[in-house]
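Analysis of the macromolecular model
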Amino acid sequence: DIARREGLAPGLKPLPGGVALHIACHARAQNMGQKAADMLRLIPDPDLTVIERCSGHGGSWGVMKENFPVALKVGRPVARQAQSSGKTFVASECPLAGEHIVQGMARLDGETPRIEHATHPIELFARAYGL
């Protein structure tokens, strides 16, 4: 809000439908704070749901065929939060985690997936600039 008032983020337009943002586990482990959330809050009228929980992918571990079912189970709470948020966009600071969350959303019982692809927060910022 201060950045917009002081003209530090001119030209930004709201993102219709809002964003469910996953904070990457490695960013939390490094105690970096919510940098992507801070950036997205520069967008006018931010409609942001922040999710701070493990997506379950665990790097290359979660994409291994034998581990994938467990990885989805670990990430199910994040997939549920993202799905129930009703936001237009699902984003993660980690591209692998983002796609894993969307895969989990597609496998929720009785739910119709709303989103086919996760977005990186910087892509959403570019979209808010009209790029």
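Reading the values: rules and limits
- Residues numbered from 1 in each chain as written.
- Predicted model: local features only at pLDDT ≥ 70, side-chain atom pairs only at ≥ 80, totals over all residues.
- Heavy atoms only, no water.
- Helix = DSSP H or I, 4+ residues; strand = E, 2+ residues; numbered from the N terminus.
- Buried < 20%, exposed > 50% of the residue type's maximum accessible area, 1.4 Å probe, protein only.
- Contact = heavy atoms within 4.5 Å.
- Expected span 1.5 Å × (residues − 1).

Attention now goes to the environment of Cys94. Checked against the element boundaries, Cys94 lands in the loop between strand E3 (89-92) and helix H5 (95-106). For Cys94, a relative accessible area of 10% puts it in the buried group. Note: C-alpha distance between Cys94 and Thr119 (25 residues apart in sequence) is 9.6 Å. What Cys94 contacts, discounting residues up to four positions off in sequence, is Ala24, His26 and His57.

Looking now at helix H4 (residues 68-85). The end-to-end C-alpha distance of H4, which contains 18 residues, comes to 24 Å, matching closely the 26 Å that a straight helix rising 1.5 Å per residue would cover. Those residues of H4 that fall on the buried side of the exposure criterion are Phe68, Ala71, Leu72, Gly75, Val78, Ala79, Ala82 and Gln83. Contact partners of the buried residues in H4: strand E1 (19-22), strand E2 (48-51), E3 and H5. Note on H4: the residue one or two positions beyond its end, Gly86, has a positive phi of about 70°.

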